Amino acid sequence: MYPIGLRLDGRPCLVAGGGQVAARKVRSLLEAGAAVTLVAPEVVPPLAALAAEGRIRWLVRQAEAEIFAQLEARPLLVFCATDDAAVNEAFGRAAGQVGALVNDAASPELCDFFVPAAIREGELLVTVSTGGASPALSRVLKRRIAAFLGRGWGEWIARLLRLRQRAKERLADSRTREAFWRGALSDRVLDLVEDGEIDKAEAEVKNEIDRFGTQS
């Protein structure tokens, strides 16, 4: 498996199915900014509401191979989430033939990719995957990792963006900056972040930038 973070802003994605599993897939795709098409003869109320609001396109029909010839754009990702394994398999095969990447959560052997359990805080994204073998274990490990990390990392990453700019201004070249960052994100600084002392952590990195800049 090749781990990757994928930008989906405005990219076409398709979900086949109208139940709770499909609803979870649709919500996560919308959160990532994807342009979502839903294919199902019937849907649960949350999906119907999204369609009524114009946030997704709903094709009120069975998931069949002919759909791909009628779409304006080939979907980048296709999620097979109907309650019929044979329908999922056939639809996924058709999606693959038009070049889409396919996920069938109920049949890992048919998947081109897996959706990991994700911890999000600001720009921090930590994922856990078992390669489709046990989504339940992924969720359990996600909870344990989230409890271990605690809060505050999203804010710290936002501050690091500003600190990176400061380092670029003070440190002359990429090799010098690389050497600086290897030492600047020390256990002490990270312990401060974990303890919620983000201002102190930021001050320490700023001081280190100034000290390093003087030496370089």
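As annotated in an unreviewed UniProt entry, the protein is precorrin-2 dehydrogenase from Selenomonas sputigena. Here the protein is described in UniProt, under the heading Catalytic activity (unreviewed entry), as follows: "precorrin-2 + NAD(+) = sirohydrochlorin + NADH + 2 H(+)".

Let us now look at a negative patch on the surface. Residues Asp 187, Asp 191, Glu 194, Asp 195 and Glu 197 make up a contiguous surface patch of negative charge. Tracing the sequence through the fold places Asp 195 in the loop between α8 (187–194) and α9 (198–215). Asp 195 sits in the exposed class, given a relative accessible area of 61%.

With that out of the way, let us pick up the UniProt feature "domain: Sirohaem synthase dimerisation" (unreviewed entry) in the protein. The sites that UniProt annotates as "domain: Sirohaem synthase dimerisation" (unreviewed entry) are residues 153–208. Strand forms 0% of residues 153–208 and helix 86%; the C-alpha atoms that close the span are 20 Å apart.

Another aspect to go through is the packing of aromatic side chains. What characterises a pair of aromatic rings is the spacing of the ring centres plus the angle enclosed by the ring planes. Here the structure, examined in full by the defined rule, presents three aromatic pairs. Here the aromatic rings of Phe 180 and Trp 181 are separated by 4.8 Å at their centres, their planes lie at 65 degrees, and the arrangement is edge-to-face. You can call Phe 180 buried: its relative accessible area is 1%.

Conventions we followed
- Residues numbered from 1 in each chain as written.
- Predicted model: local features only at pLDDT ≥ 70, side-chain atom pairs only at ≥ 80, totals over all residues.
- Heavy atoms only, no water.
- UniProt positions renumbered as here; feature names shortened; annotations may be inferred.
- Patch = residues over 30% accessible without salt bridge, like charges linked within 9 Å, V, L, I, M, F, W, Y side chains within 5 Å.
- Areas by Shrake-Rupley, 256 points an atom, 1.4 Å probe, with all protein chains shown as cover.
- Salt bridge = Lys/Arg side-chain N within 4 Å of Asp/Glu carboxyl O.
- Lys, Arg positive; Asp, Glu negative; His and termini not counted.
- Charge placed at Lys NZ, Arg CZ, Asp CG, Glu CD.
- Helix = DSSP H or I, 4+ residues; strand = E, 2+ residues; numbered from the N terminus.
- Buried < 20%, exposed > 50% of the residue type's maximum accessible area, 1.4 Å probe, protein only.
- Phe/Tyr/Trp six-rings, centres within 6.5 Å; stacked < 30°, edge-to-face > 60°.

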